[in-house]
Amino acid sequence: MKHLPVEVFIQRRRALMASLPNKALLLVPSATLVTRSRDTEHPFRQDSDFWYLTGFNEPDALLVLMKGYSEGEQFLFNQPKDKLMETWTGIRLGQEAAVIQLGFDQAFMLTEIDQQLPKLLAEASEVWMPIEDQALYSRYLFWRQQVRARFKRVASLPARITDLSQQLGEMRLIKAPEEIELMKEAARISAEAHCRAMQVCRPNMYEYQLQAELEHEFRMQGASGPSYGSIVGSGDNACVLHYVENKDVMQAGDLVLIDAGAEYQGYAGDITRTFPVSGIFSLQQKQLYSLVLKANLLAISLTRPGATLDELHQAVVHCLVTGLVELGLLKGEVEALIEAESYKVFFMHGTSHWLGLDVHDVGLYRQDGKARPLEEGMVFTIEPGLYIAPDQQGIDPLWQGLGIRIEDDILVTATGCEVLTSGVPKTIEGIEGLMKGEDHAAAGV
Ligand SMILES: [Mn+2]
């Protein structure tokens, strides 16, 4: 298992502070445990910003940074060692080890926070924190009152809070080489799991059984699990974009759409493949599938620094609408159909989203009212789709209930892009070959 060295996290904290004025105070809270039922909790998932800056995977902690502060710049507040609690819920790092292993100047018990924070706040020039965190915000107001009560000679408290999420979003949007390594691993495991699903799929299996095959592969290969709720939708279910019930029997003759990805060291894989339950595409399925694949490949071919996600989306829309007209599924002039957004009954979602520690990752999509140009080190998805609802009016029934999406994870490189998810086939020959039992490399990606 690859682990990032502590220096990476220390350096990220320094880089974040470097862009801010002296005595800027930064607060980044960890995630907390969420009750699932009575006294059991949902599996813990660390807050992505907190993880990005600390590599610390415990709940109930707060990262505090203060640039140029006399007693250090990097502080952690975390749970104390507690032999009894640790017997039940696992080892806690504690304060001493947090300093050594996580590279903090000082670590305090979380219970000391109301004592320590007003001291820092009394000297702060600015405050940066995620402003939508209500619990943190109300704590912050309490600390301000404490400053007024305890440090009467403080000339002025920071007059406003700046949203740290956006600042961090811009940092996280450009992936460093060590992050790209982890994302490649998330993509590789995700691709292998999709291959496994294709290989074991048979008519009359349940959708949840394919989900189990995928998630088995995720865990077997060292991923922490799925990076979002796995979608396995066969037949009409493929037309429900966020179908996660995965409860139906898969029928011969139907397609199955799988949108699932592994989470590795916090980083998300995100792949969609659509393939025939019985291993052979029908004529209509082939025609519609080839169109979606064409759009997927077109968008990939256009990806390079300086291009924008809007341009890719427009190219995808133009490609899909042209194909839909050729197949007789839309009637009229291509440009007029695009203008009227008539295609949205068949393609109602975007083509791309950023990918990283969050599956729909952070970072602005637009700057100064314009789509931002792609830069080396950005990672995003390309996922065109076509969905013909089972009750779609005025359509030959042969087309009804077909849902197809083909999604890859794309890294922008200096000169173009790299498809991180090429380990799972997406051509018709490649998929049919793999499902027939051909070696997957020989089947052709
Ligand atoms: Mn996606």
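All values derive from a computational prediction rather than experimental measurement. Every chain is numbered independently, its residues counted from 1 as its sequence is written. Whole-chain, interface and lining totals are the exception, using all residues; otherwise, since this is a predicted model, local features are given only for residues with pLDDT of at least 70 and side-chain atom pairs are given and counted only at 80 or more. Heavy atoms throughout the structure, all of them, feed into the side-chain values; hydrogens and water do not.

1. Notes on the coordination of the manganese ion
Right, so step 1: Coordination here is defined by N, O and S atoms within 2.8 Å of the metal (3.2 Å for Na, K and Ca), and since water is not considered, a site can look incomplete. Coordination sphere of the manganese ion, protein contribution only: Asp 270 (OD), His 353 (NE2), Glu 383 (OE) and Glu 407 (OE), at 2.0 to 2.5 Å.
Right, so step 2: Taken in sequence order, the residues that donate to the manganese ion follow the motif D-x82-H-x29-E-x23-E. Of this pair, Asp 270 sits in the loop between strand S13 (267-268) and strand S14 (271-276) while Glu 407 sits in the loop between strand S19 (402-405) and strand S20 (408-412); the two residues are 137 residues apart in sequence, bridging distant segments of the chain. Numbering of helices and strands runs from the N terminus; a helix is a DSSP stretch of H or I covering at least four residues, while a strand is a stretch of E covering at least two.

2. What about the domain arrangement of the chain?
Right, so step 1: Where each domain starts and ends comes from a domain assignment, either automatic or drawn from a database. Along its sequence, the chain is carved into domain 1 (6-172) and domain 2 (174-436).
Right, so step 2: Between domain 1 and domain 2, the C-alpha centre-to-centre distance is 37 Å.
Right, so step 3: What makes two residues a contact is simply this: any of their non-hydrogen atoms within 4.5 Å. Listed by partner, the interface residues are eleven residues for domain 1 and 16 residues for domain 2.
Right, so step 4: When two parts are put together, the accessible area they lose, computed with a 1.4 Å probe and summed over both, is reported as buried area. Regarding the contact of domain 1 and domain 2, the summed buried area is about 1,100 Å², with carbon and sulfur atoms giving 40% of it.
Right, so step 5: Contact with domain 2 buries area across many residues of domain 1, yet Arg 45, Glu 170 and Arg 172 alone supply 51% of it, more than any other trio.
Right, so step 6: Put simply, a salt bridge is a Lys or Arg side-chain nitrogen that is within 4 Å of an Asp or Glu carboxyl oxygen. Counting across the interface, domain 1 meets domain 2 through five salt bridges.

3. Brief notes about the layout of surface pockets
If a probe as big as a water molecule is rolled over the atoms, it shows which places are left empty.
Right, so step 1: For cavity detection a 1 Å grid was placed over the protein atoms alone, and a set of points counts as a cavity when a 1.4 Å probe fits there but cannot get out; an open set counts as a pocket when protein lies on both sides within 12 Å along at least five of seven lines, with lining residues being those that have an atom within 4 Å of a point. Grid points are joined across faces, edges and corners, and a volume is the space filled by probe spheres set on the points. What the largest pocket holds in volume is close to 730 Å³.
Right, so step 2: Lining of the largest pocket is provided by 27 residues; of these, Asn 57, Ser 224, Glu 263, Gln 265 and Gly 266 occupy positions nearest its centre.
Right, so step 3: Among the elements of the structure, helix H1 (6-18), helix H2 (48-54), helix H4 (94-102), strand S9 (225-226) and strand S12 (262-264) are those that each provide at least two residues to the lining of the largest pocket.
Right, so step 4: In terms of residue class, the lining of the largest pocket is built from 13 nonpolar, eleven polar and three charged. Under this grouping Gly is polar, as are all residues other than the nonpolar Ala, Val, Leu, Ile, Met, Phe, Trp, Tyr, Cys and Pro and the charged Asp, Glu, Lys and Arg.

4. Details of the packing of helix H8 (residues 177-200) against helix H9 (residues 207-220)
Right, so step 1: Here an axis means a line fitted to C-alpha atoms, over the contact stretch when the element is a helix, while the angle between two N-to-C directions is reported on a 0 to 180 degree scale. Packing of H8 against H9 leaves a shortest axis separation of 8 Å and a crossing angle of 145°. Our pair here, H8 against H9, has a crossing hand that is right-handed. Residues Ile 189, Ser 190, Glu 192, Ala 193, His 194, Arg 196, Ala 197 and Val 200 of H8 form the contact with H9, whose own contacting residues are Leu 210, Glu 213, Leu 214, His 216, Glu 217 and Phe 218.
Right, so step 2: The residue inventory of the contact of H8 with H9, partitioned by class, reads seven nonpolar, three polar and four charged. With the far helix as reference, a near helix turned anticlockwise by less than a right angle produces a left-handed crossing, and one turned clockwise produces a right-handed crossing.

5. Observations concerning the packing of helix H10 (residues 283-302) against helix H11 (residues 309-326)
Right, so step 1: The interhelical angle for the contact between H10 and H11, taken along N-to-C directions, is 155°, at an axis separation of 9 Å. For the element pair H10 / H11, the angle class is roughly antiparallel. As H10 packs across H11, the resulting crossing turns out to be right-handed. Listed contacts from H11 to Leu 288, Leu 291, Val 292, Lys 294, Ala 295, Leu 298, Ala 299 and Leu 302 of H10 are Leu 312, Ala 315, Val 316, Cys 319, Leu 320, Gly 323 and Leu 324.
Right, so step 2: A breakdown of the residues in the contact of H10 with H11 according to their chemical character gives 13 nonpolar, one polar and one charged. Orientation categories follow fixed angle ranges, with anything under 35 degrees roughly parallel, anything over 145 roughly antiparallel, 65 to 115 roughly perpendicular, and all other angles oblique.

6. Section: the packing of aromatic side chains
Right, so step 1: Ring pairs are drawn from Phe, Tyr and Trp, using the six-membered ring of Trp, whenever the two centres fall within 6.5 Å, and their geometry is named by plane angle: stacked under 30 degrees, edge-to-face over 60, tilted for the rest. The full count for this structure, using the stated rule, is nine aromatic pairs.
Right, so step 2: A centroid spacing of 6.4 Å and a plane angle of 45° characterise the contact between Phe 50 and Phe 56, whose relative ring orientation is tilted. We note that Phe 50, like Phe 56, is buried.
Right, so step 3: Look at Trp 354 and Phe 380: their rings are 6.4 Å apart centre to centre, the planes differ by 85°, and that puts the pair in the edge-to-face class. Here Trp 354, found in the loop between helix H12 (334-339) and strand S15 (366-367), pairs with Phe 380, found in strand S17 (residues 379-382); they are 26 residues apart in sequence, far enough to count as distant.
Right, so step 4: Among the aromatic side chains, those forming a connected cluster through ring pairs are Tyr 69, Phe 75, Phe 77 and Phe 108.
Right, so step 5: When the NZ atom of lysine or the CZ atom of arginine is within 6 Å of a ring's centre and also within 35 degrees of its normal, the charge is said to sit over that ring. Over the face of the ring belonging to Phe 104 we find Arg 13, whose NZ or CZ atom lies 4.0 Å from the ring centre. Note on classification: 1.4 Å probe, protein chains only; a residue is buried when its accessible area is under 20% of the maximum for its type, exposed when over 50%, partly exposed between these limits.

7. Points about the side chain of Asp 270
Right, so step 1: Buried charged residue Asp 270 carries no salt bridge. Nearest counter-charge: Arg 405, at 7.0 Å.
Right, so step 2: Think of a polar contact as two N or O atoms within 3.5 Å of one another; within protein, one of them needs to be a possible hydrogen donor and the other a possible acceptor, and neighboring residues in sequence only count if both atoms come from side chains. One polar contact links Asp 270 to Tyr 228, side chain to side chain, over a distance of 2.7 Å.
Right, so step 3: Contact partners of Asp 270, with chain neighbours within four places excluded, come to Tyr 228, Asp 259, Ala 260, Gly 261, His 353, Leu 355, Val 359, Thr 381, Glu 383, Glu 407, Asp 408 and Asp 409. In this count, Lys and Arg are taken as positive residues and Asp and Glu as negative ones, while His and the chain termini are left out.

8. Quick notes on the environment of Ile 388
Right, so step 1: With respect to the helices and strands, the residue Ile 388 is situated in strand S18 (residues 385-388).
Right, so step 2: Given the relative accessible area of 0%, Ile 388 is considered buried.
Right, so step 3: Through-space distance from the C-alpha of Ile 388 to that of Gln 400 is 5.4 Å; in sequence the pair is twelve residues apart.
Right, so step 4: Look past the residues within four positions of Ile 388 in its chain and what remains in contact with it is Cys 239, Leu 288, Leu 329, Phe 346, Ile 395, Trp 399, Gln 400, Gly 401 and Leu 402.

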